[in-house]
Amino acid sequence: MALNFTDLPGLYAHDFDTVIDVRSPAEFAEDHLPGAINLPVLDNEERARVGTIYVQESPFLARKLGAALVFRNAANHIEHSLAHHEGGWKPLVYCWRGGQRSGSFTWMLQQIGWRAEVVKGGYRTYRRLVYRFLYQDPLPHRLIALDGYTGTAKTDLLVHLNRRGVQVLDLEGLANHRGSLLGEMPGGQPSQKAFESTLAAALCGLDPARPVVVEAESSKIGTLILPPSLWTALRNAPRIQVQASIEARTAYLVNAYNDILSDADRLRDRLSPLRFHRGHEVVDGWLSLIDAGDKQALTQALMEQHYDPSYAKSSRARRAEVVAQVDAATLDDAGQKDTAARIERILDQL
């Protein structure tokens, strides 16, 4: 009997030892339940082959081949990946729709004596629950937005606040992007579905009775879109504004963005398209600083001529209340710790 989960928090609160995704590696790579392991009973090529036979020849032949491949691969997983588990092990298994792939694998596990169960509806059920949580239900959390010009160390301040016991939501960390024109991170961004999975899991792990500090963002982080309920809550959230001098921000960004500032070709590719917005003279000035290898001058110029004007324009369109301002004298580690402590005191009064 497959287990029927009716809401996302209930699914995340399962009491199983391991969650096993038996879909193909390609399906798993696009998205999966957070914390799940991938033990495919059909690999990418096998899945495509069975599907082709199903459509072009006959469902019977496809099922016959599929059964042989599924049981062969499942046996290999049991002999190797799962061999260390004792008799009391309790795994939760799912495939695309809770059908033959997960059902066959779960049956084998149960015959051994393991307390395996299947997710009714499989991954499709999970996606429906994620979609309902992020796109249909109102967000139950009270957000406080950490705002400020580019280079005010907002992402690092979230880390310090979290260490102090404050609830935070690191959207840029979940999106693997620093949220700006030059914000690409090694490894690239996850798929939209994978981003939503980790986002939903993070939100379900937060206490709605306590405020959640989140960095003020636009509706997109890199290529990823914030779900409507979160974007609406963030846009209307009261703001704590972090302020710092241009010198402090420059010093911080030169260190934080050293990877891309050291990649002249990548910088040129990212900045050259801004000629339409900032003009040829301004962009040519940036390119000259790239050629000169002057990271500090380039960083300050980008803030003064691009980031700060963009921030000022977007700020004028916001209606959310600024409840406090915090002046950061420095943005080194000591300065961030001091600023985080002052933000925590402000939160205690809200």
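It should be noted that the structure appears before, not after, this text.
What counts as what
- Residues numbered from 1 in each chain as written.
- Predicted model: local features only at pLDDT ≥ 70, side-chain atom pairs only at ≥ 80, totals over all residues.
- Heavy atoms only, no water.
- Axes fitted to C-alpha atoms, helices over the stretch in contact; angles between N-to-C directions.
- Helix = DSSP H or I, 4+ residues; strand = E, 2+ residues; numbered from the N terminus.
- Parallel < 35°, antiparallel > 145°, perpendicular 65-115°, else oblique.
- Contact = heavy atoms within 4.5 Å.
- Nonpolar A, V, L, I, M, F, W, Y, C, P; charged D, E, K, R; others polar.
- Buried < 20%, exposed > 50% of the residue type's maximum accessible area, 1.4 Å probe, protein only.
- Pairing = 2+ DSSP bridges.
- Phe/Tyr/Trp six-rings, centres within 6.5 Å; stacked < 30°, edge-to-face > 60°.
- Lys NZ or Arg CZ within 6 Å of the ring centre and 35° of its normal.
- Left-handed = near helix turned anticlockwise from the far one by under 90°.

Novice: Is there a simple way to explain the packing of helix α13 (residues 264–271) against helix α15 (residues 280–292) in this structure?
Specialist: Pairs of packed helices are described in terms of their axes, by the angle between the two and the distance that separates them. Axis separation between α13 and α15 bottoms out at 10 Å; the angle between their running directions is 175 degrees. Judged on the interaxial angle alone, α15 and α13 are roughly antiparallel. Judged by residue contacts, Ala-264, Leu-267, Arg-268 and Leu-271 of α13 engage Val-283, Trp-286, Leu-287, Ile-290 and Asp-291 from α15. When the residues that make up the contact of α13 with α15 are grouped by side-chain class, the tally is seven nonpolar, no polar and two charged.

Novice: Honestly, the pairing of strand β10 (residues 239–243) in this entry has me stumped. Any pointers?
Specialist: Regular strands place their side chains on alternate faces of the sheet. Most of β10 is tucked away, with four of its five residues classed as buried. Two strands pair when backbone bridges link them, and strand β5 (residues 143–147) and β10 are joined in this way by three bridges, in the parallel orientation. In the sheet register, Asp-147 faces β10, and the bridge partner there is Gln-241.

Novice: Even after reading the chapter, I still don't get the packing of aromatic side chains, so can you show me in this structure?
Specialist: Remark: the centre distance and the inter-plane angle together describe each pair of aromatic rings, the angle taken between the planes. Applying the stated criterion across every chain, the model contains six aromatic pairs. Relative to Trp-114, the ring of Trp-89 has its centre 5.0 Å away and its plane inclined at 90 degrees; by these criteria the two rings are edge-to-face. Of this pair, Trp-89 sits in the loop between α4 (59–79) and β3 (91–94) while Trp-114 is found in the loop between α5 (100–112) and β4 (117–118), placing the two residues 25 residues apart along the sequence. Accessibility assignment for this pair places Trp-89 and Trp-114 in one class, buried. A connected cluster of aromatic rings, assembled from ring pairs, spans Trp-96, Tyr-123 and Tyr-126. It is Lys-90 that lies over the ring of Phe-16; its NZ or CZ is 4.8 Å from the centre. Sitting above the plane of the Tyr-257 ring, Arg-178 keeps its charged end 4.5 Å from the centroid.

Novice: Whenever I open this one, the packing of α15 against helix α16 (residues 295–317) confuses me. Can you help?
Specialist: Where α15 meets α16, the axes come as close as 9 Å, and the angle between the chain directions of the two elements is 165 degrees. When the axes of α15 and α16 are compared, the pair comes out roughly antiparallel. Helix-helix and strand crossings are classified by hand; for α15 and α16 the assignment is left-handed. For the pair α15 and α16, contact is made by Val-282, Trp-286, Leu-289 and Ile-290 and by Ala-297, Leu-298, Ala-301, Leu-302, Gln-305 and His-306, respectively. For the contact of α15 with α16, a count of residues per class yields eight nonpolar, two polar and no charged.

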